[in-house]
Amino acid sequence: MTKDKDFKELVRSRMTATGENFTAARAALLESSPVETAPEPHTAGIDPHIERFRTRTLATFMPAGRIISIPTKRRALVVLLIEVLAAFEADRIYSEKQVNGILAGFQPDFARLRRELIDYRLLDRDSHTGRYWVNPNPPTPTGSQAQEMAGLAVFLR
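Residues numbered from 1 in each chain as written. Predicted model: local features only at pLDDT ≥ 70, side-chain atom pairs only at ≥ 80, totals over all residues. Heavy atoms only, no water.

S.K.: Which parts of the structure should I look at to understand the sheet that holds strand β3 (residues 131-134)?
M.R.: If you walk across this open sheet you meet the 3 strands as β1-β3-β2, and the pairing is antiparallel. Whereas interior strands pair on both sides, the edge strands pair on one side only; in this sheet they are β1 (93-95) and β2 (123-126). Each adjacent strand pair in this sheet contributes to an overall mean axis angle of 35 degrees, direction not counted. Summarising the sheet, β1 and β3 pair through 3 bridges and their orientation is antiparallel. Within β3, the residue paired with Y94 across the bridge is Y132. Against the sheet, helix α5 (residues 96-104) makes contact with β1, β2 and β3, and its axis sits at roughly 90 degrees relative to β1, the strand it touches most. (Pairing = 2+ DSSP bridges. Helix = DSSP H or I, 4+ residues; strand = E, 2+ residues; numbered from the N terminus. Axes fitted to C-alpha atoms, helices over the stretch in contact; angles between N-to-C directions. Contact = heavy atoms within 4.5 Å.)

S.K.: What am I meant to see in the packing of α5 against helix α6 (residues 110-119) here?
M.R.: Angle between the axes and distance between the axes are the two parameters that describe a pair of packed helices. The contact between α5 and α6 brings their axes to 9 Å, and the two run at 110 degrees. As summarised for this structure, α5 and α6 are arranged roughly perpendicular, according to the angle between their axes. Note on packing geometry: the crossing formed by α5 with α6 is right-handed. Contacts from E96, V99, N100, L103 and A104 in α5 reach F110, L113, R114 and L117 in α6. Broken down by class, the residue content of the contact of α5 with α6 amounts to 6 nonpolar, 1 polar and 2 charged. (Parallel < 35°, antiparallel > 145°, perpendicular 65-115°, else oblique. Left-handed = near helix turned anticlockwise from the far one by under 90°. Nonpolar A, V, L, I, M, F, W, Y, C, P; charged D, E, K, R; others polar.)

S.K.: Sorry, what's going on with the pattern of salt bridges here?
M.R.: Following the criterion strictly, the structure yields 6 salt bridges and no others. With a closest N to O distance of 3.6 Å, E96 and R114 form a salt bridge. With E96 in helix α5 and R114 in helix α6, the pair connects residues that are 18 residues apart, well separated along the chain. A relative accessible area of 13% means that R114 is categorised as buried. Because the salt bridges share partners, they merge into one network encompassing E51, R54 and E83. (Salt bridge = Lys/Arg side-chain N within 4 Å of Asp/Glu carboxyl O. Buried < 20%, exposed > 50% of the residue type's maximum accessible area, 1.4 Å probe, protein only.)

S.K.: Honestly, α5 in this entry has me stumped. Any pointers?
M.R.: Because an α-helix packs 3.6 residues into every turn, residues spaced three or four apart end up facing the same way. Within the sequence span of α5, burial applies to V99, N100 and L103. Take α5 and look down its axis: the buried residues cluster within an arc of 100 degrees, on one side only. (Arc of directions from axis to C-beta.)

S.K.: Just checking my understanding: could you explain unusual backbone geometry for this structure?
M.R.: Excluding glycine, a negative phi dihedral is what most residues carry, and trans is how most peptide bonds are arranged. The phi angle at R121 is positive, at roughly 60 degrees, despite the residue not being glycine. Mapped onto the fold, R121 is located in the loop between α6 and β2. Relative accessible area serves as the criterion here: at 41%, R121 is assigned to the partly exposed category.

S.K.: Hey, could you run me through helix α3 (residues 48-61) in this one?
M.R.: The terminal C-alpha atoms of α3, which comprises 14 residues, lie 20 Å apart, in line with the 20 Å expected from a rise of 1.5 Å per residue. Among the residues of α3, those classed as buried are I50, E51, T57, L58 and F61. Viewed along the axis of α3, the buried residues span an arc of 130 degrees, placing them on a single side of the element. Packing partners of the buried residues in α3 comprise α4 (74-85). (Expected span 1.5 Å × (residues − 1).)

S.K.: Explanation requested: the nonpolar core in the structure shown.
M.R.: One broad trend across soluble globular proteins is that nonpolar side chains are buried collectively. Core analysis: the biggest nonpolar cluster contains 32 residues, and I67, V84, F88, L117, L122 and L123 have the highest contact counts within it. Put simply, the parts of the chain that give this core at least two residues each are α3, α4, α5, α6 and β3. Of all the elements, α4 adds the most residues to this core, at 9 residues. (Core = buried A, V, L, I, M, F, W, Y, C linked by side-chain atoms within 4.5 Å.)

As structure tokens, then:
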């Protein structure tokens, strides 16, 4: 939901004039916005809307580095999963107990976090040996996962 009332009023007036839905009218106004700011060096190439969404999501669900509640919206969950993934070393193999220990530091429901990391293919596992590792080349998501992860891959290391 837009907190900027002036911008929201502009979107609503465009909706009335053009018959567009809110999302289309908002996107059109953002595209035509004459105000351009130079990106900061560490955020160059990152969509500012995605960066704001990520920042708000982390502030809401993970304010002190721990997940206080798991969001029901899948896109917000992906933001948290990417943040949690940073706790794993990319070139290391973990036992299930080690994975559970790391995830328990973020949220008591570590089994859910582990399942979600596997489902999004951010972590890989060998089910025969119970070994886990960070997926160095996650496949391109398709279907609903592609929508949930759109624009967030830039935050993967």
